[in-house]
Each structure stands twice: as structure tokens, then as C-alpha cells.
Amino acid sequence: MTGRVDGKVAFITGAARGQGRSHAVRLAQEGADIIAIDVCKQLDNVPFPMSTPEDLAETAELVKAEGRRVVTAEVDVRDFDALKQAVDSGVEQLGKLDIIVANAGIGNEGGALVDLDETLWDDMIAVNLGGVWKSVKAGVPHLVSAGGGAIVLTGSVGGLKAYPNVGHYVAAKHGVVGLMRTFAVEHGHQSIRVNAVHPTHVSTSMLLNEGTYKLFRPDLENPGPADLEPICRMFHTLPTPWVDPVDVSNAVLYLVSDEARFVTGVSLPVDAGSMLK
């Protein structure tokens, strides 16, 4: 089956690489034009290299290679005015908005909640929760004008159960579930569906970086991805250490397509059976 979102326009945050890029390309393959934004700079307290303007430009070229139109902007999801300007400009150029994928998020250092540095907490909540709220807030008026649409928020298995030493991340992602359900209730009468995907470990730079390797394998001097694999496998029921971005993108595609026309308020794990443990 092809063309599942043919002729639609999707606004995607965190689109320069990783899951966001995968979502942009996958929706473009199925017929959508894309408004792609990303912060494209290094944020304080993020221990791994973040996206660059070149990454966002590469996403745009990948979308164009699928024969679709794309509008890009470098935007911090904490900045509502900049988000609104990017969405409004994209809609002006592409004609409408049908889909919002609020995907942008960060990871930073952790620790027990009672010992956690307040700056780490504030940054996490501002991006991974506040940024999701602001992204949807910026786009929803256009969905209302279009007579309906679909929204997908990026959660995490950490939004469905707790893990130690990442309580700020767990709190933000649990909050995303609350946002999703509330948006679904508030906008259902306007034919706007709102759901969330909850990935386990995903093979992106947020997971596969030196800081993560050392966090999970402090017993090794120079750990790498092969050393992380057996640890990550322990989280899952299926025999894999992580899923790939396209696995999450396929779930997003389903949720924004007409195949899910009566699906709203749902938390969909893409977790290799992590929630069974």
C-alpha cells in the first residue's frame, strides 16, 4: 500500500536527524509534504553532539528525493513565537497543515531525583514536555482550519513505567501522555486525533554515543556499541538490543493515516516487548 498520506502536509519537530528525519522521509514516501524544524545547535547540559544546519539540509534533500516539497527552519521548541512563525510560514508556502509530529527531545545527565541538579530538571521539562505542548499549540489552529487532522507525540517506555536515575526524563515523558490525552479530549469534536508512540531504545545518536556507553558499562575503559548491546537486550522480550528509527516511523505513519481514522487517545509502544518486563 502506498500513498497513505498523499497530499497531506506534516509539521515535524526534531527533524534534522534520528527519529525526526526518519518520520519526515517515511511520510514523504507516502505522499506528504513536510515542514521540518530542528534546533540545529548544541544545547547546554546535553552530553552528546546535537544536530547541525547541515543535518537539517540533508533531511530536506532526502524529502525532495521522494518528490515532495519541504520547508525547513532552525527553531528551539522552547520558543513558542519562533515555532508559530515557522508553522505559519510553512503553511503559507505549502497551503495547509494536516499532521503534527511533536518529536523533538533531549537526553541529559541523570541521578537520583533528590540529588538531581535543578538545571538538568528544568532543561528536560522545558524541552521534552513544554516543547511538545508548544509545538502542538502552534500547529492546532491550522488543523482546525483544515477541518481536522492527526497529531502524534513522541513519548517513551519511560513515559509508561519508571526507571531509576532518569526521573526527570520519566516525569517529562509521563507528562507527554497527559498532554496527549487532554489534547485528544479537547479537540476530538473538531475531528483532530491525538496519539503517542512510546519507543524503547532506538538506534540513534541519543543512545549510541560515548556517554551512554560509559554510563552502562563503567567497568570498561573504552566501551562501544557492541558492549552496550547485551545490556539493552535485557530490557526486551524480543531478541534485539534496540529498534530502528523506521520502526517508530511506521507506527507514526499508521497513526496519522486514515487507517487509524477512529484511533485517538492511544499510547502505542514500539518497544520489542519492554513493557512486558
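Right above here is the structure, for reference.
Residues numbered from 1 in each chain as written. Predicted model: local features only at pLDDT ≥ 70, side-chain atom pairs only at ≥ 80, totals over all residues. Heavy atoms only, no water.

Draft legend 1. Representation of the overall build of the protein chain. Looking only at helices and strands, the protein chain has eight helices and seven strands in total. Projected onto its principal axes, the C-alpha positions of the protein chain cover 55 × 40 × 35 Å. Counted over contacts in the protein chain with a minimum sequence separation of 6, partners at least 24 positions apart contribute 72%. Just so you have it, the protein chain exposes about 12200 Å², and 53% of that area is on carbon and sulfur atoms. Across the protein chain, the mean location of the 23 positive side-chain charges is 7 Å away from that of the 34 negative side-chain charges. (Helix = DSSP H or I, 4+ residues; strand = E, 2+ residues; numbered from the N terminus. Contact = heavy atoms within 4.5 Å. Areas by Shrake-Rupley, 256 points an atom, 1.4 Å probe, with all protein chains shown as cover. Lys, Arg positive; Asp, Glu negative; His and termini not counted. Charge placed at Lys NZ, Arg CZ, Asp CG, Glu CD.)

Draft legend 2. Spotlight on helix H8 (residues 245-256). Under the 1.5 Å per step criterion, the end-to-end length of H8 is 17 Å for twelve residues, consistent within 8% with the ideal 16 Å. Where H8 is buried, its residues contact helix H1 (18-29), strand E4 (99-102), strand E5 (149-154), strand E6 (192-199) and strand E7 (267-270). (Expected span 1.5 Å × (residues − 1).)

Draft legend 3. The arrangement of the nonpolar core in detail. With 41 residues, the main nonpolar core has Phe11, Leu97, Ile151 and Leu153 as its most contacted residues. Elements that contribute at least two residues to this core include exactly strand E1 (9-13), strand E2 (33-38), helix H3 (80-94), E4, helix H4 (118-146), E5, helix H5 (167-187) and E6. Residues Leu56, Val152, Val243 and Val263 belong to the second largest nonpolar core, which totals 32 residues. (Core = buried A, V, L, I, M, F, W, Y, C linked by side-chain atoms within 4.5 Å. Buried < 20%, exposed > 50% of the residue type's maximum accessible area, 1.4 Å probe, protein only.)

Draft legend 4. Just the packing of H1 against helix H2 (residues 53-65), in detail. It is at 9 Å that the axes of H1 and H2 come closest, and there the two elements cross at 15°. Comparing their axes, H2 and H1 come out roughly parallel. Judged by the sense of rotation from one axis to the other, the crossing of H1 with H2 is right-handed. Residues Arg21, Ala24, Val25 and Ala28 of H1 lie in contact with H2, whose contacting residues are Asp55, Glu58, Thr59, Leu62 and Val63. (Axes fitted to C-alpha atoms, helices over the stretch in contact; angles between N-to-C directions. Parallel < 35°, antiparallel > 145°, perpendicular 65-115°, else oblique. Left-handed = near helix turned anticlockwise from the far one by under 90°.)

Draft legend 5. Geometry of the packing of aromatic side chains. Tallied over the full model, the rule gives one aromatic pair. When the ring centre of phenylalanine 80 is taken as reference, the NZ or CZ atom of lysine 137 above it lies at 4.8 Å. (Phe/Tyr/Trp six-rings, centres within 6.5 Å; stacked < 30°, edge-to-face > 60°. Lys NZ or Arg CZ within 6 Å of the ring centre and 35° of its normal.)

Draft legend 6. Structural view of the pattern of salt bridges. In the structure shown here, the tally under the stated rule is 13 salt bridges. A salt bridge links arginine 26 to glutamate 30; the nearest nitrogen and oxygen atoms lie 3.3 Å apart. Assigned by exposure class, arginine 26 and glutamate 30 land together as buried. Note that arginine 217 is salt-bridged to aspartate 219, the shortest N-O span being 2.8 Å. For arginine 217, a relative accessible area of 17% puts it in the buried group. (Salt bridge = Lys/Arg side-chain N within 4 Å of Asp/Glu carboxyl O.)

Draft legend 7. Molecular detail of the packing of H1 against H8. Packing of H1 against H8 brings their axes to within 8 Å, and their N-to-C directions diverge by 50°. Between H1 and H8, the angle falls in the class oblique. Of the two possible hands of crossing, H1 and H8 adopt the one that is right-handed. Residues Gly18, Gln19, Ser22, His23, Arg26 and Leu27 of H1 lie in contact with H8, whose contacting residues are Pro245, Val246, Val248, Ser249, Asn250, Val252, Leu253 and Val256. Of the residues that constitute the contact of H1 with H8, the class distribution is seven nonpolar, six polar and one charged. (Nonpolar A, V, L, I, M, F, W, Y, C, P; charged D, E, K, R; others polar.)

Draft legend 8. Expanded view of unusual backbone geometry. The phi dihedral of asparagine 165 is positive, around 70°, even though this residue is not glycine. Tracing the backbone shows asparagine 165 in the loop between E5 and H5.

Draft legend 9. Molecular detail of the side chain of serine 135. With respect to the helices and strands, serine 135 occurs in helix H4. Contact partners of serine 135, with chain neighbours within four places excluded, come to Phe11, Thr13, Val77, Leu83, Ile100 and Ala102.

Draft legend 10. Representation of the sheet that holds E7. Pairing is parallel in the open sheet, where seven strands are placed in the order E3-E2-E1-E4-E5-E6-E7. A strand with exactly one partner marks an edge of an open sheet, and here the two such strands are strand E3 (70-74) and E7. Each neighbouring strand pair of the sheet contributes to a mean axis angle of 15°, computed without reference to strand direction. Pairing analysis gives three bridges linking E1 to E4, with the strands arranged parallel. Opposite alanine 10, over in E4, you have isoleucine 99 as the bridge partner. Sheet strands in contact with H2 are E2 and E3, and its direction is about 170° off that of E3. In this fold H8 packs onto E4, E5, E6 and E7, with an angle of close to 165° to the strand it touches most, E6. (Pairing = 2+ DSSP bridges.)

Coordinates in, geometry out; function isn't part of it.
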